[in-house]
Amino acid sequence: MTVADIYTQTTGRFSRQRLMTAAIPLGVLAYLAYIFVAFDIGGLMGRLRVDNVMTLLSDTYSYKTHVTRDTRTGDVTVAIEGERRGTYAPGTEPSWVSTLDGVTTVGLDADNIVTFDADTTSWDIPGYGLLTATRSGREITLNRNPDTLPDWISYSSARVDVKTSAGRLSVTRNRTEVFRYAFGWELFWFTLDSPYYGHSLFALLFGPQLDPAQSNLVGMWDGFWGNAMWHHGEVAWALGETILMAFLGTFGAAIIAFPLGFLAARNFTPLAALRFSVRRVFDFVRGVDGLIWTILLSRAFGPGPLTGTLAILLTDTGTFGKIFSEALENVDNRQIEGVQSTGANVVQRYCFGVIPQVVPVLLSQVLYLLESNTRSATIIGAITGGGIGLLLTQAIITHKDWEEVSYYIVLIILMVMAMDWLSGVLRRRVISGRAV
Amino acid sequence: MADAVFSGVPPIPAYDSYLSLIRRRRLYSGLLLILFVAVMSAGFWVADDRNAGGFINGFTSILNFPMDVVEEAWRKRALIPGLLVEYFPALVETLNIAAAGTIIGAVSGFVLSLLASSGLAPWPRMIGVFRRFMDILRAFPDIVIALVLIYLLGGGPVPALIAIALHTAGALGKLFSEVNENVDLKPVEGLASVGASWAQRMLFGVVPQVAPNYLSYALLRFEVNVRASAILGFVGAGGIGYELKNAITWGPGKFDAAAAIFLLLFLSIVFFDQISSYFRERLTHGGAAR
């Protein structure tokens, strides 16, 4: 072979290599371009529902109070989020709303004051001027030319809707309604009907006893736990259910997979047919996947945490079986022989020769999956109807209380992070061999 | 027997303390075991109690639904090949979500991991920030992101794609940064000494060292993402999961379609499991990786 041959060979190999390194990124790019077209990502911005984005964002950090005048009865009610539990009792309304001689005045902020009586609603909007809507018979008329209205005022003879950054007004035949926005999550601690609402924490802890029947601390706990708008008690139960599903599923699977793992390990089961069939069982339950197991099991067991537990248990039995049998095949034989040389019988050989070798490895795998199963349990709960996953999907499907959705999301993140931390701490302890 | 051997010998202090240590350990392990059994059985009892149907009832009827499905599918077995073809595009959509999510997630995870590993990060002070960022990405279950995005964008594959890509970026970013910690820094320093930029140092100094490990993790993630993408379809993000939900909620009469979808899903999961474990084996145990 001449130098020239080697030279051409080498440069040839180089250029082929260079072609390969260029081809892989190009292939990936081509694939992504295909996805871009197939999923119509170009039209994504057109499909984005901007009003939904606004609802979600504003609900997440603020709440609204409805001031409503019913035309038929003439009653004015002030209610947080328009909910019955958030309705102020007559005489306890906040100071920014007042009714005098049939005229209601709502101060949205210092510059925006809306007044309304039975028929006339007026709002002096800074930078725009006075807007007056008058209800006469079955029609609503404005003091402005309906054709030159800005786009934040929508008008028809049946309905007027005004949206500004200060608040929102809606006038229909049946009611006049003003929405005032405020920062925060409303009534997070106590609902309005609780005697503890509106007191500072200091006053509650060190002040006089508000309810003669029970101490403030007990009453506060009851008021918070039974909060009818946020349902803290039920949410805590749901979180507990999700963690329970993950815990029972993971450890149940480990308990079932442990003996089966011996049957699938080459060095413990010389019978190839048995080993092979146990392994195929593992592959099957793993391959069927949590989704299908969840559907099948929820048909038999109905919605709830037990179904989620069993779905996790089945899928993970396959995963653990595979991991365990691999760990068992890597067991060091010298330790077993050492135990055998002292005259140990079969049970003792397993107890002192095999199990101490594999338990740290297995336990660390179990703990690792426990963390990821907390997330799976949230997802399975959303499908089968149990735990925090169910609450989350319900809150999202109703398209209403996005502050609750944010609350659940925060709780889920905290739960997953806590489990991650716990499993990390336990794994480090197991691996370093202390305790257990 | 041990006593017979040691009976003429004066007691050794270390031996006694060793025995008491063993005894205490056994006591603790026993207590831990009892506690564990108690928690497990109490947990099962609570789960059973809060479930709509009981365990015993459910256990006896566990085969009813699969039997119905199999029975109807068998009755209409002539239709199954046609149904498999009909639902194949939905399967392709699910696989596309998983594949594109894995690619986008892996690339973002790669960048994040470089920013978060000591020795490679261009801004070493920001390492902690990027690590926490990856933790948060990882902690979001993909279903949460998908459901919120479905509300904002409407149904379809894009919400699932974004959800999977975000979660993958966090999960792979963490694994990649663990790989990065073991990188030999000499090639990087060599490149730095000839004036290479940060991007060039990473591309020519780090990537060749870590590529096999990265690919292996990304393949494993792809397996996971195929399953996740099917589940997200079930909650409204399109693909085979969505078709499955429709077939199941329709009930009897469409069980042949359900059976066909089960079959497609099962076969594709097993297929990609096998492919990915074959390539991972080749990548980790050397052997003609290229």
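Residues numbered from 1 in each chain as written. Chains lettered and ligands numbered in written order. Predicted model: local features only at pLDDT ≥ 70, side-chain atom pairs only at ≥ 80, totals over all residues. Heavy atoms only, no water.

Engineer: When you look at the overall build of chain A in this model, what are you seeing that I'm missing?
Structural biologist: From N to C terminus, chain A includes 12 helices and 12 strands. Its C-alpha radius of gyration of 33 Å places chain A more than 25% over the 22 Å reference for a compact globule of 436 residues. Expressed as a percentage of the 436 residues in chain A, the buried residues total 44%. Within the structure as shown, chain A displays about 22700 Å² of accessible surface, and the carbon and sulfur contribution to it stands at 62%. (Helix = DSSP H or I, 4+ residues; strand = E, 2+ residues; numbered from the N terminus. Rg over C-alpha atoms; globule rule 2.2 N^0.38 Å. Buried < 20%, exposed > 50% of the residue type's maximum accessible area, 1.4 Å probe, protein only. Areas by Shrake-Rupley, 256 points an atom, 1.4 Å probe, with all protein chains shown as cover.)

Engineer: Can you walk me through the domain arrangement of chain B in this structure?
Structural biologist: Where interface size is given, it is often the accessible area lost as the parts come together that is meant. Each assigned domain of chain B is listed with its residue range as follows: domain 1 (12-50) and domain 2 (70-284). Here the C-alpha centroids of domain 1 of chain B and domain 2 of chain B sit 41 Å apart. (Domains from an automatic or database assignment.)

Engineer: I would appreciate a short explanation of the domain arrangement of chain A in the present structure.
Structural biologist: Domain boundaries in chain A define domain 1 (64-183) and domain 2 (232-432). The straight-line distance from the C-alpha centre of domain 1 of chain A to that of domain 2 of chain A is 56 Å.

Engineer: How should I be thinking about the interface of chain A and chain B in this particular structure?
Structural biologist: With 64 residues of chain A at the interface, the matching set in chain B holds 62 residues. At the boundary of chain A with chain B, total buried surface from both sides reaches about 5800 Å², with 75% on carbon and sulfur atoms. Of all residues in chain A, the largest losses of buried area upon contact with chain B belong to A:F39, A:F301 and A:L306, amounting jointly to 11% of the total for that side. For the pair chain A and chain B, the interface holds four salt bridges. There are 10 residue pairs in polar contact (both at pLDDT 80 or more) connecting chain A and chain B. Its residues assigned to classes, the side of chain A that touches chain B shows 44 nonpolar, 12 polar and eight charged. (Contact = heavy atoms within 4.5 Å. Buried area = accessible area lost by both parts, 1.4 Å probe. Salt bridge = Lys/Arg side-chain N within 4 Å of Asp/Glu carboxyl O. Polar contact = N/O pair within 3.5 Å; in protein donor to acceptor, adjacent residues only side chain to side chain. Nonpolar A, V, L, I, M, F, W, Y, C, P; charged D, E, K, R; others polar.)

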